[in-house]
Amino acid sequence: MTVFTVHSVESAPAASRQPLDELRRRVGFVPNLAGQLAGSPVAIDGFNQLQRALRQTELTAAEREVAGLAVSVANRCAWSVAAHSAFAERAGLAPEVIEALRAGKDDLPDERAAALAAFTRALLRTGGLAGRGELDAVLAAGFTQAQVLEVITQAAFTTLANWVANVTGTPLDAALAGRAWEA
């Protein structure tokens, strides 16, 4: 596997420093994934802008993490499963829901989270051609049409992160070590 540089704010290309520093302030540290993305000013800026936009969704932080975990497990991305597990804990998602998502289970102890995870997995499994049944189920669980579009956006964002981590072999951050995961 190719080794990519994990940049700090100081070592990143000049055009990557501001978005990387903004992310550091928002998250509290520079995640290794972001440090690798900083090798391209376009990549880190796009990542940062989309992450910032997703914080404005009608989805709760916990719901965004349900989608993030479902995508990351489906894409077999160890780095992102660890990161989304930590973020899900911080967002207040129940530990049993987090563990069920990490195990790839369909039967979650929270019906709304189960509908969200099933819809998200259907997006990935079908290349975005989720059927009417999956859409009806997520809407019946109380999600709005706007939130469905936001789930799609979250899935795309998380897939970007997954692909970067999988291709570059992103090393697990010390802050995430307690949530390590293997496919």
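What counts and how
Residues numbered from 1 in each chain as written. Predicted model: local features only at pLDDT ≥ 70, side-chain atom pairs only at ≥ 80, totals over all residues. Heavy atoms only, no water. Helix = DSSP H or I, 4+ residues; strand = E, 2+ residues; numbered from the N terminus. Rg over C-alpha atoms; globule rule 2.2 N^0.38 Å. Contact = heavy atoms within 4.5 Å. Areas by Shrake-Rupley, 256 points an atom, 1.4 Å probe, with all protein chains shown as cover. Lys, Arg positive; Asp, Glu negative; His and termini not counted. Charge placed at Lys NZ, Arg CZ, Asp CG, Glu CD. Salt bridge = Lys/Arg side-chain N within 4 Å of Asp/Glu carboxyl O. Buried < 20%, exposed > 50% of the residue type's maximum accessible area, 1.4 Å probe, protein only. Expected span 1.5 Å × (residues − 1). Arc of directions from axis to C-beta. 1 Å grid on protein atoms, 1.4 Å probe; cavity = no way out; pocket = protein on both sides within 12 Å on 5 of 7 lines; lining within 4 Å. Points joined across faces, edges and corners; volume = space filled by probe spheres on them.

(A) Spotlight on the overall build of the protein chain. Each helix and strand counted, the protein chain has 9 helices and 0 strands in total. Against the 2.2 N^0.38 benchmark of 16 Å for 183 residues, the protein chain shows a C-alpha radius of gyration of 16 Å, consistent with a compact globule. With respect to the principal axes defined by its C-alpha atoms, the protein chain has extents near 50 × 30 × 30 Å. Pairs at least 24 apart in sequence give 67% of the contacts found in the protein chain among residues at least 6 apart. Surface accessibility of the protein chain: about 8,800 Å² in total, with carbon and sulfur atoms responsible for 56%. Looking at charge distribution, the protein chain has the averaged site of its 16 positive side-chain charges lying 5 Å from that of its 19 negative ones.

(B) Quick look at the pattern of salt bridges. Per the counting criterion, the structure on display carries 11 salt bridges. Its salt-bridge partner being Glu89, residue Arg179 comes within 3.0 Å of it at the nearest N-O pair. With Arg179 in the segment after α9 (145-168) and Glu89 in helix α5 (residues 78-90), the pair connects residues that are 90 residues apart, well separated along the chain. Assessed through its relative accessible area of 16%, Arg179 is described here as buried. With relative accessibility at 42%, the residue Glu89 sits in the partly exposed group.

(C) Broad picture of helix α1 (residues 14-27). Between its first and last C-alpha, α1 extends 21 Å over 14 residues, near the 20 Å set by a 1.5 Å rise per residue. Turning to α1, its buried residues are Ser16, Pro19, Leu20, Asp21, Glu22, Leu23 and Val27. Turning to α1, the residues buried within the fold contact α2 (32-37), α3 (41-54) and α5. Once α1 finishes, Gly28 follows within two positions and takes phi at roughly 105°, a positive value.

(D) A look at the environment of Ser85. Checked against the element boundaries, Ser85 lands in helix α5. Considered as a pair, Ser85 and Val167 are 82 residues apart in the sequence and their alpha carbons are 21 Å apart. Among all residues touching Ser85, those that are not within four sequence positions of it are Leu69, Ile98, Arg102 and Arg179.

(E) Looking closely at α3. With 14 residues, α3 ought to run about 20 Å at 1.5 Å a step, and its terminal C-alpha atoms sit 20 Å apart, in line with that. Of all the positions in α3, only Ile44, Phe47, Asn48, Gln51 and Leu54 are classed as buried. For α3, the arc enclosing every buried residue in end-on projection is 130°, short of the 170-degree limit, so these residues lie on one face. Its buried side turned inward, α3 meets α1, α2, α4 (61-74) and α9.

(F) Geometry of the layout of surface pockets. Space inside the largest pocket adds up to approximately 460 Å³. Lining the largest pocket are 23 residues, and of these Gln51, Arg55, Glu65, His84 and Phe87 sit closest to its centre. Secondary-structure elements contributing two or more residues to the lining of the largest pocket are α1, α2, α3, α4, α5 and α9. A total of 6 residues in the lining of the largest pocket trace back to one element, the largest contributor, which is α5.

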